[in-house]
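# Structural overview
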Amino acid sequence: MSQKALLLDSKFGSFKVAAIPRPTSALAGELLIKVHASALNPLEWKIQDSGMFIPDESYPAVLGLDVAGEVEDVGEGVIGFTKGDRVFYNSGLRNEYAGNQQYCRAPAEFVAKIPEKLSYSQASTIPTGFLTAAYGLCADAPLGVGLNPAFDDVIDKFQGKTAIVIGGSTSVGQYVIQILRYLGFSTIIVYASGSHFSYLKTLGATDLIDRKAVPFSHFDTAIKKITSSPIGVVYDTIGSVDSQAAGYKMIPNGGKMVITVEDEVKDKAEGKELVLVFGNVHPEDHREFGGKLFSKLPKLLEDEIIVPNKVEDLPGGLDGIVEGLRNSEDLRAMKSAE
Ligand SMILES: NC(=O)c1ccc[n+]([C@@H]2O[C@H](COP(=O)([O-])OP(=O)(O)OC[C@H]3O[C@@H](n4cnc5c(N)ncnc54)[C@H](OP(=O)(O)O)[C@@H]3O)[C@@H](O)[C@H]2O)c1
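Here is a short report on the structure shown in this document.

Reading the values: rules and limits
Residues numbered from 1 in each chain as written. Predicted model: local features only at pLDDT ≥ 70, side-chain atom pairs only at ≥ 80, totals over all residues. Heavy atoms only, no water. Buried < 20%, exposed > 50% of the residue type's maximum accessible area, 1.4 Å probe, protein only. Helix = DSSP H or I, 4+ residues; strand = E, 2+ residues; numbered from the N terminus. Polar contact = N/O pair within 3.5 Å; in protein donor to acceptor, adjacent residues only side chain to side chain. Near = heavy atom within 4 Å. Areas by Shrake-Rupley, 256 points an atom, 1.4 Å probe, with all protein chains shown as cover. Salt bridge = Lys/Arg side-chain N within 4 Å of Asp/Glu carboxyl O. Contact = heavy atoms within 4.5 Å.

What follows is about helix 1 (residues 42-50). Among all positions in helix 1, only L43, E44, W45 and I47 are buried. Two to three positions downstream of the cap, the backbone nitrogen of L43 sits 2.8 Å from a side-chain oxygen, assigning the N-cap of helix 1 to N41. Following helix 1 by one or two positions, G51 adopts a phi angle in the positive range, close to 75°.

Shown next, in the form of C-alpha cells:
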C-alpha cells in the first residue's frame, strides 16, 4: 500500500511530492495517525539550507514536526486511545514519524486528544511552539531554567515578579507569555511590533515595548521606565546578536535567560545563566518532561489557559507546504531587515 509524502530528496536538495510505502498498523506502544494537518516550522527550511539534523542515510527525508489527525490504528499496550480519536502530536525527525505524509507513526506518550473546540489545523500548530516555551521556562536544567519542573498549578510563587519576553509575537513568544501568566508572574513585559499589543494583552502581557519605536540600544531604559522590581526571568525568542545582548543585560546576578538559537553573547558575567532550549519531546533526556506536558496539555487547552496561535490554512495539500515554507523564509528576512 502506498501514500503521498513530501520528500526532501537529498541534503541541501529540493522538496517534491512522491509515493512511498504506507504503514498499515501501529507498532507496540504507538499509534498510527491519518494526518489531517501538518504545521510549518522555520526549522524545515533551515534543514534544507544547512543540512542539519537529518543523517545522510535518512534521505529522501520526510519532515513535519507538528501533526494533527485521527487515530487509524492503536498499537499493543496503548491505553486511552481508540480508532477515530482526534489527536495531535510532536513528531521526531524520523521518516515514518514525521508529519508531511498521509499516515505517520507516533509514540502514544507524545500524543494528546484535541479538545472539541479546536480544529485539526489549530491543534497542529501547538506542539513545537508550546514545547519550546514550556521546556525553556519550566524544565529543570540543563533543558530549561526550572521554574516549574512538575508543570503543576503554581499560585503565588511568582507573584510580584517580573518577566521579559523579547519577540513576544513570534509563535514561540505567544506561548511563553501564556505560560508566564499560568505561572503567576505579576509583570510580563513584551517586546514586539505595536500592531500586536492588544492581542498580546489577551494572552497575558502586562506591558509592551514597541520594537519599531525602541531599538535594542534603548531597551534597558524602556524596561526601567516600566519597573524597578527584580527581573525573574528573560526569554529571547528572536536570537539575533542584538536581542541576546539586550536580554542578557537585563538578567540580574543569579538570574537566567532562555534562548532559542545558539548563544552569541559576548562579554559574559559571572552568575548570569543562559539556557538554549530544544522544544521537542524525542531526545532521551526530554522524554519524561515531554510526557508530563502532553498529559496536561488537553486540560489547559480545554480551559483556555493555553490558546493556539492564529492559524492560516494553506491550499494545495502537500504541495502547499513548499510554497508556505518559501513565504515564511521571505517574511522573516523582510521583518528582520525592518
Ligand atoms: N530551539 C528550539 O527548539 C526552537 C523551536 C522553535 C523555534 N525556534 C527558533 O526560534 C525563533 C522563533 O521562531 P518562531 O517560529 O516562534 O518565529 P516566528 O513565529 O516565525 O516569528 C516571526 C516574528 O518575529 C518577530 N521579529 C523578528 N525580528 C524581531 C526583533 N528584532 N524583535 C522582536 N521581534 C522580532 C516579528 O514580530 P513582529 O511582528 O512583532 O515584528 C515576526 O512576526 C526562530 O529562530 C526559530 O528557528 C527554536
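After presenting the structure, the write-up continues.
Turning our eyes to something else, we now look at the site of the ligand. Neighbouring residues of the ligand: 24 residues in total, closest K46, S169, S193, H196 and R211. Within the contact set of the ligand, an oxygen atom lies 2.5 Å away from a side-chain nitrogen or oxygen of K46. Residue R211 places a side-chain N or O atom 2.7 Å away from an oxygen atom belonging to the ligand. When isolated, the ligand has an accessible area of 930 Å², and the protein chains bury 85% of it. Only helix 1, helix 3 (126-138), helix 4 (171-183), strand 10 (187-192) and helix 9 (317-337) provide two or more residues apiece to the shell around the ligand.

The linkage connecting Y59 with the following residue, P60, adopts the cis geometry, with an omega of -5°. Even without being glycine, F12 reaches a positive phi, approximately 60°. As for its position among the elements, F12 is in the loop between strand 1 (2-8) and strand 2 (15-21). Overall, the relative accessible area of 54% leaves F12 in the exposed class. Positioned with a positive phi, F151 is a non-glycine residue whose angle comes to about 45°. Structurally, the position occupied by F151 is in the loop between helix 3 and strand 9 (162-166).

Moving on, we come to the pattern of salt bridges. As a working rule, side chains carrying opposite charge can pair if their charged atoms are close by. All told, the structure shown has 11 salt bridges when counted by the stated rule. K11 is the partner of D56 in a salt bridge, and the nearest nitrogen-oxygen pair spans 2.7 Å. In this pair, D56 is assigned in the loop between helix 1 and strand 4 (61-62) and K11 in the loop between strand 1 and strand 2, connecting sequence segments 45 residues apart. Classification of D56 by relative accessible area gives exposed; the value is 51%. When the shortest N-O distance is used, the salt bridge between R326 and E323 registers 2.9 Å.

Glancing now at the environment of L31. Structurally, the position occupied by L31 is in strand 3 (residues 30-39). A relative accessible area of 0% places L31 in the buried class. Sequence spacing of L31 and T125 is 94 residues, and the spatial spacing of their C-alpha atoms is 20 Å. With sequence-adjacent residues up to four places away left out, L31 is seen in contact with A26, V71, D73, V74, V78, F81, C104, R105, A106, A108 and V111.

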